[in-house]
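Remarks on the overall topology
Below are the chains, spelled out letter by letter.
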Amino acid sequence: SQLQYKALPSLSSLSVVNGPAAGGGQLTLTGSGFLGVNTEVLFGQTSLGGICNYTGCSTTSDTTLTVTVPPGTPGTSVPVSVRIDCPNEVGNGFRGAACGRSNALFYTYLGPPAITGVTPSSGPYTGGTTVTISGSGFSTASGVLIDGQSFPATIVSDQQLSVTMPTGYPNLVSTLPATVDIAVVTVCGAGGPGATSCGTSNTMAFTYEPPVKVVTALTLDPVSGPVGGSVTMHATLTGDGAPLAGK
């Protein structure tokens, strides 16, 4: 018989270091010693299906291996590693360069960002209002959705964003006043270990207001009275908006 000493497989990088709790994204592992007997990828102690020839796991070289990320729990970091069987290889014709379990690198499952407030919550239909969005998980925000349309935003902190509201009428709404929904979108898989969320937040409302009412005429009745006496006078204000009271 012949005894062979082999190196452990080695893991040097992950193509992304975080993602949504639902999983489903593609993750490429880079390292060495991946071609061997019964190569498998583990998330924590859980094997992604055993032998790496199942759907969602593929390896075509000794240095790269691709898997589909399984679901996880938001806020948890899971060690990812590669494991290769170390069988008695004498006579079986297989001469893999490595066997055993590699070092681990961590993958973090993230929940979506959350909005807790929008200030101010209304503004003119012409747009231009600077709105402060409060909440959490904004550090990797790519922008906001206003009624499903994408618009840029400025990251102030992980708890605050600033956005200039676009023109509401007639671009986004067809009547006034009208309410639109604002949501924050953060990038999944980017931002490194500093990312605190992944995906699309809940929504909060912003109301586009109609034009400011303008007084165009003032009518007094009566228009004259006795000197030193008292007169009951009525004033009528008219314009392009709602009735205005006066006396």
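Remember, it's a predicted structure, so these values are computed and weren't measured experimentally. (Residues numbered from 1 in each chain as written. Predicted model: local features only at pLDDT ≥ 70, side-chain atom pairs only at ≥ 80, totals over all residues. Heavy atoms only, no water.)

Evaluated as defined, the whole model comprises one disulfide. Residue pairing for Cys188: its cysteine sulfur links by disulfide to Cys198, the two sulfurs lying 1.8 Å apart. Between Cys188 and Cys198, the disulfide has an S-S torsion of 105° and is therefore right-handed. Remark: Cys198 occurs in the loop between strand 18 (178-186) and strand 19 (199-200) and Cys188 occurs in the loop between strand 18 and strand 19; sequence separation between them is 10 residues. (Disulfide = S-S within 2.5 Å. Helix = DSSP H or I, 4+ residues; strand = E, 2+ residues; numbered from the N terminus.)

Spatially, 11-13-17-16 is the arrangement adopted by the four strands of the open sheet, whose pairing is antiparallel. Both outer strands of the open sheet, strand 11 (114-119) and strand 16 (154-157), are each paired with one neighbouring strand and no more. On average, each strand axis in the sheet is inclined to that of its neighbour by 25°, with strand direction left out of account. Bridging between strand 16 and strand 17 (residues 160-164) involves three bridges; their strand directions are antiparallel. Note that in strand 17 the partner of Ile155 across the bridge is Leu161. (Pairing = 2+ DSSP bridges. Axes fitted to C-alpha atoms, helices over the stretch in contact; angles between N-to-C directions.)

All right, on to the packing of aromatic side chains then. Scanning the entire structure with this criterion turns up four aromatic pairs. An angle of 75° between the planes, with centres 5.3 Å apart, marks the rings of Tyr107 and Tyr109 as edge-to-face. Classification of Tyr109 by relative accessible area gives buried; the value is 2%. Summarising the aromatic geometry, the rings of Tyr125 and Tyr169 are spaced 6.3 Å apart at their centres and angled 70° between planes, so their arrangement reads as edge-to-face. Pair noted here: Tyr125 is in the loop between strand 12 (122-124) and strand 13 (130-136) and Tyr169 is in the loop between strand 17 and strand 18, with a separation of 44 residues, a long-range link. (Phe/Tyr/Trp six-rings, centres within 6.5 Å; stacked < 30°, edge-to-face > 60°. Buried < 20%, exposed > 50% of the residue type's maximum accessible area, 1.4 Å probe, protein only.)

This part covers unusual backbone geometry. Note the cis peptide between Thr119 and Pro120, where omega equals -10°. Of note, Pro120 is situated in the loop between strand 11 and strand 12. At the junction of Tyr169 and Pro170, the peptide bond is cis and its omega measures out at 5° in the coordinates. Relative to the helices and strands, Pro170 resides in the loop between strand 17 and strand 18. The backbone of Asp147 shows a phi angle near 50°, a positive value even though the residue is not glycine. Relative to the assigned elements, Asp147 resides in the loop between strand 14 (141-146) and strand 15 (149-151). Taking relative accessible area as the criterion, Asp147 reaches 39% and is therefore assigned partly exposed.

In this structure, Ile133, Val144, Met165, Ile182 and Val184 are the most contacted members of the largest nonpolar core, which totals 19 residues. Counting residues per element, the ones that place at least two in this core are strand 11, strand 13, strand 14, strand 17, strand 18 and strand 20 (204-209). At four residues, the largest contribution of residues to this core is made by strand 18. Ignoring any residue separated from it by four or fewer positions in sequence, one finds Val144 in contact with Ile133, Gln149, Ser150, Phe151, Pro152, Ala153, Leu161, Val163, Ile182, Ala183 and Val184. (Core = buried A, V, L, I, M, F, W, Y, C linked by side-chain atoms within 4.5 Å. Contact = heavy atoms within 4.5 Å.)

So, on to the environment of Asn171. Mapped onto the fold, Asn171 is located in the loop between strand 17 and strand 18. Looking at Asn171, the relative accessible area reads 55%, which means it is exposed. Spatially, the C-alpha atom of Asn171 lies 9.7 Å from that of Thr126, the residues being 45 residues apart in sequence.

Here the focus is the confidence of the model for the protein chain. Looking at the protein chain as a whole, the pLDDT averages 82, with 75% of positions reaching at least 70. Across residues 89-93 the pLDDT falls below 50, and counting only partners more than four positions away or on other chains, this stretch makes seven contacts in the model. Every residue in residues 241-247 is under pLDDT 50, and counting partners more than four places away or in other chains gives seven contacts. (pLDDT = per-residue confidence, 0-100.)

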